[in-house]
Amino acid sequence: MAADGAIRVGISGLGRSGWGIHADAIQAMVDRYTVAAVYDPNAGRCQSSAEALGCTAHASLETMLADPDVELVIVASPNAHHAPQAEQALRAGKHVLCEKPFGLTVADVDAMIAASEASGKVLQPFQQRRYAPDIRKVMDVISSGVLGEITFARIAWHGFKRRWDWQTLTECSGGDLNNNGPHVIDHAMELFGEDEPDVWCERRRCLASGDAEDHVKIILRGPGNPTVEVELSSVFAYSQDRWLVCGTSGALRGTGEKLEWKWVDWSTMPERPVQPESTPDRSYNSEKLPWQSETWSAGGDQDAGAGAAPAKQPVFDLYTDLYRSVREGAAQTITPQSVRRRVGVMEAARAASSIEPVAVKAASARP
C-alpha cells in the first residue's frame, strides 16, 4: 500500500521503459510513489497494465493530464514524443520525469525548461546512468589527480546483434544515437568538462533492419580539454573495455564491473631536461618507472551497456532525488540545463554526419 505522502504518478507509454523500468521501480518504492494513472495508444496494453497496477487507464494523454490524482507524469513514449508530451504535461501543471533522449534538439529542451519555469514544476531528465558506480568511480579517480592532466579518454559500448523494431527507423527517431547515445554522451561530457566541444561524428547502418544507424563514433575536441572518443556499436563481436582514460601521470581502464588504474608520482623522479647531445652508447633515453596501482570492483547488479536492461540501483537513486525535489524542494542532482549540453552534442553529431549503409560483401576467393 502506498504511503500517504507518496507522489501520485501518471505514466505515458507502457513499453520496455514505461513498464519494465518505471512501473517496476515505483512498485518497489511504495513509500514515496504510487501509480495513479496510465496512458498508452495501445488500448489493450493500457487496460491490462492499469489492471495489474490497480490504477486508472486513460484513453488519451489529454485526459490523463486533466486527472487531478496525477502529480507527476513520466514520459516514456517513443523518442519523437518526449519533448512535446513533457512540455504539454508541464503546462498542465504536472511535474515531469522525461525519458531519454531528453528532446531531439536544444530548442526542444529550451521549450521544456521554459514550460517548467512558467509552471513552477520540476522537470527531471531520466539520465540515471550518471548515478552508475563505474562513472562515479572514474570521476573520483580523475578528481584525485593521480592520473595527472587528462589528455584522452575513450568510452566504448560494444555488442553484436541485429535489431528490427521501431527503434531502427529514422521516421521514429530511432537509431543508436538517440536510443543509447544519451547515456554514453552524458558520461563523455562529464569527462570533457564545462566547455563546448567541437563534434566529429560517423554513423553507419550495419545489421539493423531499419534505416537508422547501429554504429556511432563521436569525437569531442577543444583547446584545453581532453579528446574524448565515444564508440557505440552493434557490430563488435569482440567487445573492448568500456573505459580508457589517459593522463600525464598514468591511465585507467576497465568495464562497468571492474576498473584498474596505475600512475607514476613524478615528484619522486629526477627532472629530465633536454639533452640534445648524442648518448655515449647510441641508446634511447630510458628510465625505470615506479608504477603504483589500484583496482575497484562494483559488486552487485551493474549496467551491462547498450541494449541491456539497466541496473536497478541507479534508477532508485534518481527516483530518490526526484522525490526530494518534488516533496522537499531540494536542488536537482541532474538538471535540465546540464542535459541540454548533451542534447546539443547529439544535435551537432547529426549535423556532422549522415547514415552510411554498409553493404555486406562476400570475401574474394584467393587464386
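Residues numbered from 1 in each chain as written. Predicted model: local features only at pLDDT ≥ 70, side-chain atom pairs only at ≥ 80, totals over all residues. Heavy atoms only, no water.

Side note on the packing of helix H8 (residues 181–192) against helix H10 (residues 336–351)
For the pair H8 and H10, interaxial distance at closest approach is 10 Å and the crossing angle is 110°. Looking at the two axes, H8 sits roughly perpendicular to H10. Judged by the twist between their axes, the crossing of H8 over H10 is right-handed. Residue-level contacts link Pro 182, Ile 185, Asp 186, Met 189 and Glu 190 of H8 to Arg 341, Arg 342, Val 345 and Met 346 of H10. Its residues assigned to classes, the contact of H8 with H10 shows 5 nonpolar, no polar and 4 charged. (Axes fitted to C-alpha atoms, helices over the stretch in contact; angles between N-to-C directions. Helix = DSSP H or I, 4+ residues; strand = E, 2+ residues; numbered from the N terminus. Parallel < 35°, antiparallel > 145°, perpendicular 65-115°, else oblique. Left-handed = near helix turned anticlockwise from the far one by under 90°. Contact = heavy atoms within 4.5 Å. Nonpolar A, V, L, I, M, F, W, Y, C, P; charged D, E, K, R; others polar.)

With respect to the sheet that holds strand E6 (residues 123–125)
Taken in spatial order, the 6 strands line up as E3-E2-E1-E4-E5-E6 in an open sheet, and their pairing is parallel. The open sheet terminates on both sides in strands that have one partner only, identified here as strand E3 (56–58) and E6. Averaged over all adjacent pairs, the angle separating strand axes in this sheet is 25°, with direction ignored. In terms of strand pairing, strand E1 (residues 7–12) meets strand E2 (residues 33–39) through 6 bridges, oriented parallel. By the bridge assignment, Arg 8 is partnered in E2 with Thr 34. Here helix H1 (residues 16–27) sits on the sheet in contact with E1, E2, strand E4 (72–75) and strand E5 (95–98), set at roughly 175° to E1. (Pairing = 2+ DSSP bridges.)

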